[in-house]
Amino acid sequence: MQQELKPLNPIISGIILIIVGGIFVFAPGLSGSMISIFIGAALLVSGCSSLIAWNNARKVGSANGILVFAIVAILLAAVCLVHPLAVAETLGWLIAGCIVVAGIFRVISTLTTPFIPFSLKVAGIISGAIDIVLGVLAILNPAWIMYFLGAGLLLTGITDIVFGILVKKEGPIDVQAEPSTQTPPRELSE
C-alpha cells in the first residue's frame, strides 16, 4: 500500500493558522482571554465529569484520587474563567516555548526526512527558523508576546499553504520510496 503526502491538509491547516494568527495580531488581549476561557471551560467539564466518576467509584471502593483531581480541575477552571487575562499572561510564555520547540523540530524533521524535495526542505527550514526567532522574541518581550505569536502563526500558516501548493504542483510524494528512487523535483519556473 503506497502512502502519499496529500496537498490539501497543509493548505487547510495553513488557513486555520492564518485566521488564528490574525486574531493574535489584531486582538492580542482577546486572543489570550479566549485561550484562557477555552482552557477553563475544558477544566470545568473535566472536573464535573470527574465528580460524577468519583460519586460512582466511591460506592465500590476508595476513589479519593478522583475527588482530588475533580476539586483541583474545578478550582483551576474557576481561576481561568474569573481571571482570564492573568492566566493569559503566563500562558503566553508557555505557548511561546511550544512555538520554539515546534520550530526546532520542524527544522530537524525537514533536514532528516529523505523523501522531501529540495524546494519543500527550504520552505520547512525557513518556517522553522522564523518560528524559533519569533518564539524567543515573544519570551524575551512579554508586552509584545501575542503579536510575536500571531506573526509566527501567520508565517507558519503561509508556509503550510505554500507547502501544500508545492506538493500539489510537484505531484504526490511517495513517503515509502527510497530517496534514490524519487524523481528529482521540478523547478518552480515550469
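Right above here is the structure, for reference.
Computed from a prediction, not measured in an experiment: that's the story for all the values here.

## Side note on the nonpolar core
Counting ten residues, the largest nonpolar core is built from Phe24, Ala96, Ile99, Leu134, Ala138, Ile145, Met146, Phe148, Leu149 and Leu153. If you list the elements that add at least two residues to this core, you get α4 (84–112), α5 (118–140) and α6 (145–170). Those residues in contact with alanine 96 that lie beyond four places of it in its chain are Gly135, Ala138, Ile139, Ile145 and Leu149.

## Some points on α5
With 23 residues, α5 should cover 33 Å at 1.5 Å per step; its first-to-last C-alpha distance of 33 Å lies within 8% of that length. Taken residue by residue, α5 has Ser119, Leu120, Lys121, Ala123, Gly124, Ser127, Gly128, Asp131, Leu134, Gly135 and Ala138 as its buried positions.

## Observations concerning the side chain of lysine 121
Along the chain, lysine 121 falls in helix α5. Sequence-distant contacts of lysine 121, that is, excluding residues within four places in its chain, are made with Thr110, Leu111, Thr113 and Ile116.

## Regarding the side chain of serine 36
Tracing the chain through its elements places serine 36 in helix α2 (residues 28–57). Filtering out sequence-adjacent residues up to four positions away, serine 36 remains in contact with Cys80, Pro84, Val87, Ala88 and Leu91.

Rules behind the numbers
Residues numbered from 1 in each chain as written. Predicted model: local features only at pLDDT ≥ 70, side-chain atom pairs only at ≥ 80, totals over all residues. Heavy atoms only, no water. Core = buried A, V, L, I, M, F, W, Y, C linked by side-chain atoms within 4.5 Å. Buried < 20%, exposed > 50% of the residue type's maximum accessible area, 1.4 Å probe, protein only. Helix = DSSP H or I, 4+ residues; strand = E, 2+ residues; numbered from the N terminus. Contact = heavy atoms within 4.5 Å. Expected span 1.5 Å × (residues − 1).

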